[in-house]
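Here are the chains, one letter per residue:
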Amino acid sequence: MNPYDPAADDDTDGTDRLVGPAADGEDQAVEAALRPKDLGEFVGQEKVRQQLDLVLRAARQRGATADHVLLSGAPGLGKTTLSMIIAAEMGAPIRITSGPAIQHAGDLAAILSSLQEGEVLFLDEIHRMSRPAEEMLYMAMEDFRVDVIVGKGPGATAIPLELPPFTLVGATTRAGLLPPPLRDRFGFTGHMEFYAPAELERVIHRSAGLLDVVIDPVGAAEIAGRSRGTPRIANRLLRRVRDYAQVRADGRITREVAAGALEVYEVDARGLDRLDRAVLDALLRLFNGGPVGLSTLAVAVGEERETVEEVAEPFLVREGLLARTPRGRVATPAAWTHLGLTPPAAAPARAQQGLFGP
Ligand SMILES: Nc1ncnc2c1ncn2[C@@H]1O[C@H](COP(=O)(O)OP(=O)(O)OP(=O)(O)O)[C@@H](O)[C@H]1O
């Protein structure tokens, strides 16, 4: 049997992974209940939290609307949660939309013109907004005004429309993709980092309390270590471990229960899943650690090039298990250790340079 046969696992296209960072249907249903409601409850991200606290307190003291806020960072790190906290801390309502939902300037004009004074407008994936909408947003952010174009061609006229002051919270996974004029119009930019294991343990304990699950500190540590620095994944793993604890144990999450559950779900001690390990395994066993081209590696694991590049590789690179080099993908010494394999005999000399290859 081909050990990399994608038919052996429906999840290998990367769209439905237990360790995928994007929200799935179940996440969306449960996340509302698990969201911290104020900055005090929000775990980690010390810098962003402190800076934001100052921005919001100062605005409150002045009785003003808070400055526009840009939050950048990987999916599942808490950008939506923070935007809701901003609204709550300002005692303001929040409107939630996303870049892809705003394809025409008119879509944006309709939203902006219906905002209340002080309202928070959360624009997720702001880098995916259409160009005309983006240009309309510049003026709205700066002057609280938009020009609504009526008619077409030479007879078209721009009717200025005053807007109440509002706070735009933009979220992006790719801050570098934002045009500078848009980036410059945010008064505050917060960069969200991946969470340390100890912070994820706090997230897990908090969520376990809300879900009414009893969990040992070592059980929480076991889940945290496999959560890829991401609270959304930590919460999702917690729910799967809770199922296992209920069906196969006495409901209590201990280290053994957490490890047993995550073995069933094929999430290993470092948070790699089946697809991640298949990529590493092929790189090590079939190509001696590389370098090997992305397309060849993708064929070897029976996946699309994009799936390997966008779904598996970012975490492997972040974990220091795989390197992207001009000559192709290369396994690091840590990759051999992680899969319990011995590097080829010629490898030690190259290991001193930090990489293996032919
Ligand atoms: N700092 C945190 N403390 C506690 N829970 C958190 C924290 N950050 C995120 N979470 C939890 O993780 C889940 C995902 O968070 P959220 O939806 O805010 O992420 P996001 O960055 O907006 O993701 P996306 O970019 O995919 O929209 C939520 O259930 C939230 O409760």
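The structure presented is a predicted model; accordingly, all values stated were derived computationally and were not measured.

## Thoughts on the pattern of salt bridges
Part 1 of the reasoning: Using the criterion set out here, one finds 25 salt bridges in the structure.
Part 2 of the reasoning: The partner of Arg 232 in a salt bridge is Glu 31, with the nearest N and O atoms 2.7 Å apart. Of the two residues, Arg 232 is situated in helix α9 (residues 231-248) and Glu 31 in helix α1 (residues 25-34); the sequence distance between them amounts to 201 residues.
Part 3 of the reasoning: A salt bridge links Arg 185 to Glu 142, with the nearest nitrogen and oxygen atoms 3.3 Å apart.

## Structural notes on the nonpolar core
One broad rule of soluble globular proteins: the nonpolar side chains tend to lie buried together.
Part 1 of the reasoning: Grouped together as the largest cluster of nonpolar side chains are 49 residues, with contacts concentrated most on Leu 82, Ile 204, Ile 215, Ile 223, Leu 238, Val 241 and Ile 253.
Part 2 of the reasoning: Sorting elements by how many residues they give to this core places α9 first, with seven residues.
Part 3 of the reasoning: Counting only domains with at least three residues in this core, you end up with domain 1 (6-191) and domain 2 (197-264).
Part 4 of the reasoning: Setting aside its immediate chain neighbours within four residues, Ile 215 contacts Ile 204, His 205, Ala 208, Ala 220, Ile 223, Leu 238 and Ile 253.

## Describing the site of the ligand
Part 1 of the reasoning: Around the ligand, the surrounding shell holds 19 residues, and the nearest of these are Arg 35, Val 43, Thr 80, Thr 81 and Arg 232.
Part 2 of the reasoning: Between the ligand and the protein, one listed contact pairs an oxygen atom with a side-chain N or O atom of Arg 35 at 2.6 Å.
Part 3 of the reasoning: One nitrogen or oxygen atom from the main chain of Gly 78 is found 2.9 Å from an oxygen atom belonging to the ligand.
Part 4 of the reasoning: Compared with its free state, where it exposes 630 Å², the ligand has 95% of that area covered by protein.
Part 5 of the reasoning: Here the shell around the ligand is composed, by residue class, of nine nonpolar, five polar and five charged.
Part 6 of the reasoning: If you count residues domain by domain, the shell around the ligand takes at least three from each of domain 1 (6-191) and domain 2 (197-264).

## Let's talk about the environment of Arg 17
Part 1 of the reasoning: Here Arg 17 is to be found in the segment before α1.
Part 2 of the reasoning: For Arg 17 and Leu 275, which are 258 residues apart along the polypeptide, the C-alpha to C-alpha distance reads 9.2 Å.

## Looking at the domain arrangement of the chain
Part 1 of the reasoning: Domain annotation of the chain identifies domain 1 (6-191), domain 2 (197-264) and domain 3 (274-352).
Part 2 of the reasoning: Look at where the C-alpha atoms of domain 2 and domain 3 centre, and you get two points 29 Å apart.

## Topic: the confidence of the model for the chain
Part 1 of the reasoning: This prediction gives the chain a mean pLDDT of 90; 92% of its residues lie at or above 70.
Part 2 of the reasoning: Across residues 1-13, confidence stays below pLDDT 50; counting only partners more than four residues off in sequence or on other chains, it has 24 contacts.
Part 3 of the reasoning: Overall fold confidence for the complex sits at a pTM of 0.88, while the interface term, ipTM, reaches 0.97.

## Quick word on the UniProt feature "domain: AAA+ ATPase" (unreviewed entry) in the chain
Part 1 of the reasoning: Per the UniProt annotation, the sites labelled "domain: AAA+ ATPase" (unreviewed entry) are residues 65-198.
Part 2 of the reasoning: The span residues 65-198 is 30% helical and 27% strand by assignment, and the distance between its end C-alpha atoms comes to 35 Å.

## Here we look at the packing of helix α7 (residues 197-211) against α9
Part 1 of the reasoning: The contact between α7 and α9 brings their axes to 10 Å, and the two run at 50°. The pairing of α7 with α9 is recorded here as oblique in orientation. Handedness of the crossing formed by α7 with α9: right-handed. The segment α7 lies against α9, with Leu 200, Val 203, Ile 204, Ser 207, Ala 208 and Leu 211 engaging Pro 231, Ala 234, Asn 235, Leu 238, Arg 239 and Arg 242.
Part 2 of the reasoning: The residue inventory of the contact of α7 with α9, partitioned by class, reads eight nonpolar, two polar and two charged.

Cut-offs applied
Residues numbered from 1 in each chain as written. Predicted model: local features only at pLDDT ≥ 70, side-chain atom pairs only at ≥ 80, totals over all residues. Heavy atoms only, no water. Salt bridge = Lys/Arg side-chain N within 4 Å of Asp/Glu carboxyl O. Helix = DSSP H or I, 4+ residues; strand = E, 2+ residues; numbered from the N terminus. Core = buried A, V, L, I, M, F, W, Y, C linked by side-chain atoms within 4.5 Å. Buried < 20%, exposed > 50% of the residue type's maximum accessible area, 1.4 Å probe, protein only. Domains from an automatic or database assignment. Contact = heavy atoms within 4.5 Å. Near = heavy atom within 4 Å. Polar contact = N/O pair within 3.5 Å; in protein donor to acceptor, adjacent residues only side chain to side chain. Areas by Shrake-Rupley, 256 points an atom, 1.4 Å probe, with all protein chains shown as cover. Nonpolar A, V, L, I, M, F, W, Y, C, P; charged D, E, K, R; others polar. pLDDT = per-residue confidence, 0-100. UniProt positions renumbered as here; feature names shortened; annotations may be inferred. Axes fitted to C-alpha atoms, helices over the stretch in contact; angles between N-to-C directions. Parallel < 35°, antiparallel > 145°, perpendicular 65-115°, else oblique. Left-handed = near helix turned anticlockwise from the far one by under 90°.

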